[in-house]
Amino acid sequence: MAKYIDLRSDTVTLPTPEMREAMYRAEVGDDVYGEDPTVRRLEEMAAEITGKEAAMFVTSGTQGNQVCIMTHTRPGDEIILEEKSHIFTYEVGGIGYLAGVQARLIPGKRGVMDPTDIEAAIREDDLHFPRTSLICVENTHNRAGGTVIPMDTLEKTYEVAKKHGIPVHMDGARIFNAATYLGVPVRDIARYADSVMFCLSKGLCAPVGSIVAGSRDFINRARKFRKMLGGGLRQAGFLAAAGIVALEKMTERLKEDHENARLLAEGLNSIPGISIDMKTVQTNIVICDISGLGISGNELAGRLLEKGIKINGGSGSLVRFVTHYGIDKNDVLRTVEAVKEIAAELN
Ligand SMILES: *Cc1c(COP(=O)(O)O)cnc(C)c1O
C-alpha cells in the first residue's frame, strides 16, 4: 500500500534510524534519583542551547508549559496569554485546574501581542484585583500559522515584564523553527524569557519528550511539580537518547520544511476558492481559508484522504497543513494537484 502524505502535524514524524540506534545503546539509570547519565547529558545540552543555567526533560510540551506555569504562579493569580495560544486553547483548561490561575487574554496580530497591550493588561496593586504573575508568549505561534515573534517585539515585551517585575514564559514548542526563520541561535531568542519550553517530538523527530529551561532555582522548583504531575520517569535515558540526536542532527534541516511550506502555500493560494495570508507563511505551517470552495474543512480533509493525503480539517473553513521530515517536494506538488482536482470538481 502506498504511504499516506501526512500533513496533519509535525508530531507524526517517526524517530530516525540513528535515534533508534541511540535508544538501543543508551546508558540509563533511575532519573528520579538523578542517576540517568543520558538524561543528564540531554539536560546539559538543552541548557547550553537555550543559554539557561539548567534544563529538565518533560514528557510533553503540555506538561512542560503547565509545570512552568505552576512554578511561576500562585493559585488566584492572573496570567497574560495570547487569545489563540496553545496554553489557552489546547491544554484542557490546565491553568485553572492545575495552577489555579485565570487567563487574561490579549488578541495578537498574526499571533504576536503588542507590548503596549500587554502593559495595559497588567493589574495594578489593588485589594480587589488578582496579581498578574506571568506573561506567556508563543514562538512560533501554532494557530496563527507558525508565525515568529519579531526580535524587537520580543525585547520590548521583556522590558515591559521586567519593569513590572513579572516573569516571561515562552511556549517555544517550535523555537528551532523560529530560530531558523530569524537566522539566529536559539539562545538569542530564549534570553527574552525567564523560562522556555520546546518540543523534541515535533519537527525534530524524537518519539517523546520536551524540554523546560530556566534558572537553576526555577528548574529545582519545577522538578517538584513535574513529579506531582507524574512526570518523574525512571530509565528515561532511552527517550533522552533520541532527544540528543534530535538536537545534534535535526535542527539544521528545518529550513527544508520551511521551503516546502512556502511552495505548498504558493500552490494552494493560486487555486480559486482558497486564500492564504502569505505573511503568515514563515515556517512549517500553512493555514488556508477554503470558504470559497463551499465545503467545510472536514469535507476537504475527507476528500483528500481518498487521494491518500491526510490533513487537519475542522467544522469551519480553516484547514492546516504542516510540513516536516516525512514530507518532500514531490509530496507538496502532489498535494497541490489533489486540491486543484477537488476544487475543479466542486465548480
Ligand atoms: C504542540 C504544542 C504544545 C504541546 O506539546 P505536546 O507535546 O503536544 O503536549 C505546546 N505549545 C505549542 C505552541 C504547540 O504547538
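Computed from a predicted structure; not experimentally measured. (Residues numbered from 1 in each chain as written. Predicted model: local features only at pLDDT ≥ 70, side-chain atom pairs only at ≥ 80, totals over all residues. Heavy atoms only, no water.)

S.K.: Residue-level account of the overall build of the chain, with values.
M.R.: Within the chain, the secondary structure is distributed over 14 helices and 11 strands. Relative to the compact-globule value of 20 Å for 347 residues, the chain shows a C-alpha radius of gyration of 21 Å, a close match. Dimensions along the principal axes, computed over C-alpha positions, put the chain at roughly 60 × 55 × 35 Å. Every one of the 347 residues in the chain was classed for burial, and the buried ones make up 54%. In the chain, the proportion of contacts linking residues at least 24 apart, taken out of those at least 6 apart, comes to 74%. (Helix = DSSP H or I, 4+ residues; strand = E, 2+ residues; numbered from the N terminus. Rg over C-alpha atoms; globule rule 2.2 N^0.38 Å. Buried < 20%, exposed > 50% of the residue type's maximum accessible area, 1.4 Å probe, protein only. Contact = heavy atoms within 4.5 Å.)

S.K.: Report on the site of the ligand, specifying residues and quantitative values.
M.R.: Taken together, 14 residues are adjacent to the ligand, and Gly 61, Thr 62, Asp 171, Arg 174 and Lys 202 come closest. Interatomic distance of 2.8 Å between a backbone N/O atom of Gly 61 and an oxygen atom of the ligand. Here an oxygen atom of the ligand and a side-chain polar atom of Arg 174 are 2.9 Å apart. Compared with its free state, where it exposes 380 Å², the ligand has 86% of that area covered by protein. Elements represented by at least two residues in the shell around the ligand include exactly helix H3 (61-72) and strand S7 (195-199). (Near = heavy atom within 4 Å. Polar contact = N/O pair within 3.5 Å; in protein donor to acceptor, adjacent residues only side chain to side chain. Areas by Shrake-Rupley, 256 points an atom, 1.4 Å probe, with all protein chains shown as cover.)

S.K.: So what's going on with the layout of surface pockets? Residues and values would help.
M.R.: The calculated volume of the largest pocket comes to roughly 620 Å³. The wall of the largest pocket is formed by 29 residues, among which Tyr 90, Asn 142, Arg 143, Ala 144 and Ile 287 lie closest to the centre. Top element by residues in the lining of the largest pocket is strand S11 (residues 318-322). It accounts for 3 residues. If you add up the space inside the second largest pocket, you get close to 380 Å³. As for the second largest pocket, its lining consists of 17 residues, and the residues nearest its centre are Arg 40, Glu 43, Ala 55, Ile 219 and Arg 223. The element best represented in the lining of the second largest pocket is helix H10 (residues 216-228), accounting for 6 residues. By residue class, the composition of the lining of the second largest pocket is 5 nonpolar, 3 polar and 9 charged. (1 Å grid on protein atoms, 1.4 Å probe; cavity = no way out; pocket = protein on both sides within 12 Å on 5 of 7 lines; lining within 4 Å. Points joined across faces, edges and corners; volume = space filled by probe spheres on them. Nonpolar A, V, L, I, M, F, W, Y, C, P; charged D, E, K, R; others polar.)

S.K.: Help me get a handle on the packing of H3 against H10, residues and values and all.
M.R.: At a minimum axis distance of 9 Å, the contact between H3 and H10 shows a crossing angle of 120 degrees. The pairing of H3 with H10 is recorded here as oblique in orientation. Viewed along their axes, H3 and H10 form a crossing whose handedness is right-handed. Between H3 and H10, the residues in contact are Gln 63, Val 67, Cys 68, Met 70, Thr 71 and His 72 and Phe 218, Arg 221, Ala 222, Phe 225, Arg 226 and Met 228, respectively. (Axes fitted to C-alpha atoms, helices over the stretch in contact; angles between N-to-C directions. Parallel < 35°, antiparallel > 145°, perpendicular 65-115°, else oblique. Left-handed = near helix turned anticlockwise from the far one by under 90°.)

S.K.: How would you sum up the packing of helix H13 (residues 297-306) against helix H14 (residues 329-346)? Please name residues and give values.
M.R.: At their nearest, the axes of H13 and H14 sit 10 Å apart, and the two run at 120 degrees to each other. By the angle class used here, H13 and H14 are oblique. Where H13 crosses over H14, the handedness of that crossing is right-handed. Listed contacts from H14 to Leu 300, Arg 303 and Leu 304 of H13 are Ala 338, Val 339, Ile 342, Glu 345 and Leu 346.

S.K.: For the sheet that holds S7, give the residues involved together with the corresponding values.
M.R.: Read across the sheet, 7 strands follow the order S2-S8-S7-S6-S5-S3-S4 without closing on themselves; strand pairing throughout is mixed. With one partner strand each, in any of the chains shown, strand S2 (54-58) and strand S4 (102-106) form the two edges of the open sheet. If you compare each strand with its neighbour and ignore which way they point, the axes differ by 20 degrees on average. Looking at chain direction, strand S3 (residues 78-82) and strand S5 (residues 132-138) are connected through 3 bridges and run parallel. Bridge pairing links Ile 79 to Leu 134 in S5. (Pairing = 2+ DSSP bridges.)

S.K.: Residues and numbers for a nonpolar patch on the surface, please.
M.R.: Together, Tyr 97, Leu 98, Met 228 and Leu 229 give the surface a local cluster of nonpolar side chains, amounting to about 450 Å² of exposed area. Mapped onto the elements of the fold, Leu 229 is located in the loop between H10 and helix H11 (237-249). (Patch = residues over 30% accessible without salt bridge, like charges linked within 9 Å, V, L, I, M, F, W, Y side chains within 5 Å. Salt bridge = Lys/Arg side-chain N within 4 Å of Asp/Glu carboxyl O.)

S.K.: Summarise the pattern of salt bridges; cite the residues concerned and give the values.
M.R.: One pass over the structure, following the stated rule, counts 23 salt bridges. Here the salt bridges share partners, and the residues they tie into one network are Glu 78, Arg 104 and Arg 123.

S.K.: Account for helix H7 (residues 151-163), with residues named and values stated.
M.R.: Here H7 contains 13 residues, and its C-alpha end-to-end distance of 18 Å stays within 8% of the 18 Å for a straight helix at 1.5 Å per residue. Those residues of H7 not exposed but buried are Thr 153, Leu 154, Thr 157, Tyr 158, Val 160 and Ala 161. The buried side chains of H7 occupy one side of the element, clustering within an arc of 160 degrees when seen end-on. Considering only its buried residues, H7 is in contact with helix H6 (115-121), S5, strand S6 (168-171) and helix H9 (186-190). Looking one or two residues past H7, Gly 165 carries a phi angle of roughly 65 degrees, positive in sign. (Expected span 1.5 Å × (residues − 1). Arc of directions from axis to C-beta.)

S.K.: Kindly report on the domain arrangement of the chain, identifying the contributing residues and their values.
M.R.: When its domains are assigned, the chain resolves into domain 1 (5-11 + 253-346) and domain 2 (17-249). Each of domain 1 and domain 2 has a C-alpha centre, and the two are 28 Å apart. Of the residues lining the interface, 17 residues belong to domain 1; the matching set on domain 2 comes to 19 residues. Summing the contributions of domain 1 and of domain 2, the shared interface buries around 1,600 Å²; its carbon and sulfur component is 53%. Together, Asp 10, Leu 254 and Gln 282 form the three largest contributors to the area buried by domain 1 at its contact with domain 2, with a combined 35%. Inspection of the domain 1/domain 2 interface yields 2 salt bridges. Seen at the junction of domain 1 and domain 2, the total is 6 residue pairs in polar contact (both at pLDDT 80 or more). (Domains from an automatic or database assignment. Buried area = accessible area lost by both parts, 1.4 Å probe.)

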